[in-house]
Every structure is written in structure tokens, then in C-alpha cells.
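Structural characterization, general
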Amino acid sequence: MEKIHELYEGKAKKLYSTPDPRLVIVSYKDDATAFNGLKKGTIVGKGVINNKMSNLLMQRLEKMGVPTHFVEELNDRETLVKKVSIVPLEVIVRNVSAGSFAKHYGVAEGIVFSKPTIEFSYKNDALEDPLLNEEHAVALKLATEEEITLIKKYALQVNEILKAFWDECGVTLVDFKLEFGRLYDGTIVLADEISPDTSRLWDSKTGEKLDKDRFRRDLGGVEEAYAEIMKRLQERI
Ligand code: TMP
Ligand code: ASP
């Protein structure tokens, strides 16, 4: 399947149309941004890692009953996926306090929750992705109540599957962000990516951060962390 023309360029990926109107090609870049694009940089090799990692994890999820947009990996950076219209919600699942949760509620990072939390942000760069609740999402017609119920069910299922998998790799799945999309017939599927850009992954023994927080917080060793997490995944998958 070949690329026809560029449909969209995001912060970390580009999307291309294909001869089949129901399929698009996603191409992963090495570009990294944080704080709604204020901080910009490059993480060499990130595109290749995120492409492969996201595809391996989505295939595992699909086998375990979570529908995804994944169709076929085309090469190191490019993947054929089902065309969706993105539900403009960032769906964040947390197992351990970190990031904006720790900041908003004035708690330390690293508090293990007795059960996972789910929260939604309105995917809107101009508004800086504000947090919102389910009623707000319905009021704004971002999704129906039925869609939100299904999205929450899938998000918790994804969490159980990925938490167990990362645990086998000696990694704690602290939190992650998912995006869902609607196929042409309205079916909800998991879309976007699952990668160290969109997840917090801590070494289970040392607590070392093996994700994009190394870039966000200028911790150094960014490329090394992406390579390490990919190595651990490939040894287990
Ligand atoms: P947060 O603690 O900054 O709200 O982030 C929660 C999770 O969501 C974390 O794993 C990083 C991910 N995330 C994204 O994928 N994109 C974003 O724009 C933000 C802010 C967070
Ligand atoms: N990629 C997002 C941005 O540029 C945020 C992040 O991942 O921290 O805003």
C-alpha cells in the first residue's frame, strides 16, 4: 500500500492517505515536544521505537479482545492503520501518582493506588487540553454516554493487559494516555500510539524513568532509556 498525499502533520507523527479510503499510513517522527509544544527537541531513533512498540502492544491487545486501528507494519517508521475520526478525548489511566496528578493534588510521585484511576482531557491544543468529566464530554458532544462507557471499559482492559506485561519486563506501568477513534461505521477502536511518549514506565527495582519524562525534565539519557525499554519489550513479547 503506498502513500498518496499528506493528510496531517502532528507533533510526533504524519498521516498519509492511501488508495483505500478506509486505510491511512502513519509515519513516526523523531520530533519530541512537551508542555503543549513549548519545549521542542529530537530523540534520535524514537520514531522507529515508537512505531514498533505501539504495533507489538496493539497486536497483543487485539488478541486479547481490545479492537485497535492496527492493520500492518510497513517499515521501520510506517504503519498501515484503519482510518478513524478521533474522539477528541485524552484518556489517562493511572496506577501510581506522578506528573500532573502529583502536581494538581499536592502529593508525592510514587504513591501506588489501590485501584486505577481514569480521567479525561479535552484534546484541544488552543485550550491546552483541559481536564473534563464525563458529563462535560457529553455536554460538549465530544462523545455519547455509550461511547464513554465503552472507552472506559477498554481503557481499564488495556491497563490490566499492559500492567501485567510490563511487570514481566521488570517495569512498573505508572500511567498512560490513550486515544480512541470511530471507524466509518461508528465502531470505537483504540487509535494513536502506545509508547514511552504516552506512558510512564519506571524500572521496578530502581525506579529509574524509562520514558519521555527524561526529555520533559532534562534528565539526560533519553535515547538510552527508549532503547532500554524497547530491548526489555522485545525480550518478552
Ligand atoms: P500527566 O501526568 O502529565 O497528565 O500525564 C499522564 C500520562 O499521559 C503520561 O503517561 C504522559 C501522557 N501524556 C501524553 O501522552 N500526552 C500529553 O500531552 C500529556 C500531557 C501526557
Ligand atoms: N507531546 C505533548 C506536547 O507537546 C505533551 C507531552 O507529551 O508532554 O504538548
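Residues numbered from 1 in each chain as written. Chains lettered and ligands numbered in written order. Predicted model: local features only at pLDDT ≥ 70, side-chain atom pairs only at ≥ 80, totals over all residues. Heavy atoms only, no water.

The helix and strand inventory of the protein stands at 6 helices and 14 strands. Across its three principal axes, the protein shows a C-alpha extent of roughly 50 × 40 × 35 Å. Taken over 237 residues, the protein has a buried fraction of 49%. Contacts spanning at least 24 positions in sequence make up 57% of the contacts within the protein whose residues lie at least 6 apart. Surface summary for the protein: the accessible area is close to 11,600 Å², and the carbon and sulfur share equals 53%. With 35 positive and 40 negative side-chain charges, the protein shows a separation of 1 Å between the mean positions of the two kinds. (Helix = DSSP H or I, 4+ residues; strand = E, 2+ residues; numbered from the N terminus. Buried < 20%, exposed > 50% of the residue type's maximum accessible area, 1.4 Å probe, protein only. Contact = heavy atoms within 4.5 Å. Areas by Shrake-Rupley, 256 points an atom, 1.4 Å probe, with all protein chains shown as cover. Lys, Arg positive; Asp, Glu negative; His and termini not counted. Charge placed at Lys NZ, Arg CZ, Asp CG, Glu CD.)

The next thing to look at is the site of ligand 1. Surrounding ligand 1, one finds 14 residues, the nearest of these being Arg94, Ser100, Asp175, Lys177 and Arg200. A distance of 2.6 Å separates an oxygen atom of ligand 1 from a polar atom in the side chain of serine 100. With respect to ligand 1, the side chain of aspartate 175 contributes an N or O atom lying 2.6 Å from an oxygen atom. In the complex, 76% of the free accessible area of ligand 1, which totals 450 Å², lies under the protein chains. Secondary structure elements with two or more residues in the shell around ligand 1: strand 9 (89–96), helix 2 (99–105), strand 12 (171–182) and strand 14 (199–203). (Near = heavy atom within 4 Å. Polar contact = N/O pair within 3.5 Å; in protein donor to acceptor, adjacent residues only side chain to side chain.)

Taken together, the side chains of Tyr105, Val107, Ile111 and Leu131 present a nonpolar region at the surface, about 350 Å² in accessible area. Judged by its relative accessible area of 32%, valine 107 falls in the partly exposed class. (Patch = residues over 30% accessible without salt bridge, like charges linked within 9 Å, V, L, I, M, F, W, Y side chains within 5 Å. Salt bridge = Lys/Arg side-chain N within 4 Å of Asp/Glu carboxyl O.)

This part covers the packing of helix 1 (residues 46–63) against helix 4 (residues 145–168). The N-to-C vectors of helix 1 and helix 4 enclose an angle of 120°; their axes lie 11 Å apart at closest approach. By the criterion of interaxial angle, the relationship of helix 1 to helix 4 is oblique. Note that helix 1 runs across helix 4; the crossing there is right-handed. Contacts from Met53, Leu57, Arg60 and Leu61 in helix 1 reach Val158, Ile161, Leu162, Phe165 and Trp166 in helix 4. Residues of the contact of helix 1 with helix 4, tallied by class, amount to 8 nonpolar, no polar and 1 charged. (Axes fitted to C-alpha atoms, helices over the stretch in contact; angles between N-to-C directions. Parallel < 35°, antiparallel > 145°, perpendicular 65-115°, else oblique. Left-handed = near helix turned anticlockwise from the far one by under 90°. Nonpolar A, V, L, I, M, F, W, Y, C, P; charged D, E, K, R; others polar.)

What characterises a pair of aromatic rings is the spacing of the ring centres plus the angle enclosed by the ring planes. Evaluated as defined, the whole model comprises 4 aromatic pairs. Both rings, one in tyrosine 154 and one in phenylalanine 180, keep their centres 6.3 Å apart while their planes meet at 20°; by these two values the pair is stacked. You can see tyrosine 154 sitting in helix 4 and its partner phenylalanine 180 sitting in strand 12, a full 26 residues away along the chain. Phenylalanine 180 carries the same exposure label as tyrosine 154, and that label is buried. Three or more aromatic residues link up through ring pairs in this structure, and these residues are Phe101, Tyr105 and Phe113. The aromatic ring of tyrosine 16 is capped on one face by lysine 3, whose charged end is 4.8 Å from the ring centroid. For the cation-ring pair, arginine 22 lies above tyrosine 184, with the distance from its terminal atom to the ring centre recorded as 3.6 Å. (Phe/Tyr/Trp six-rings, centres within 6.5 Å; stacked < 30°, edge-to-face > 60°. Lys NZ or Arg CZ within 6 Å of the ring centre and 35° of its normal.)

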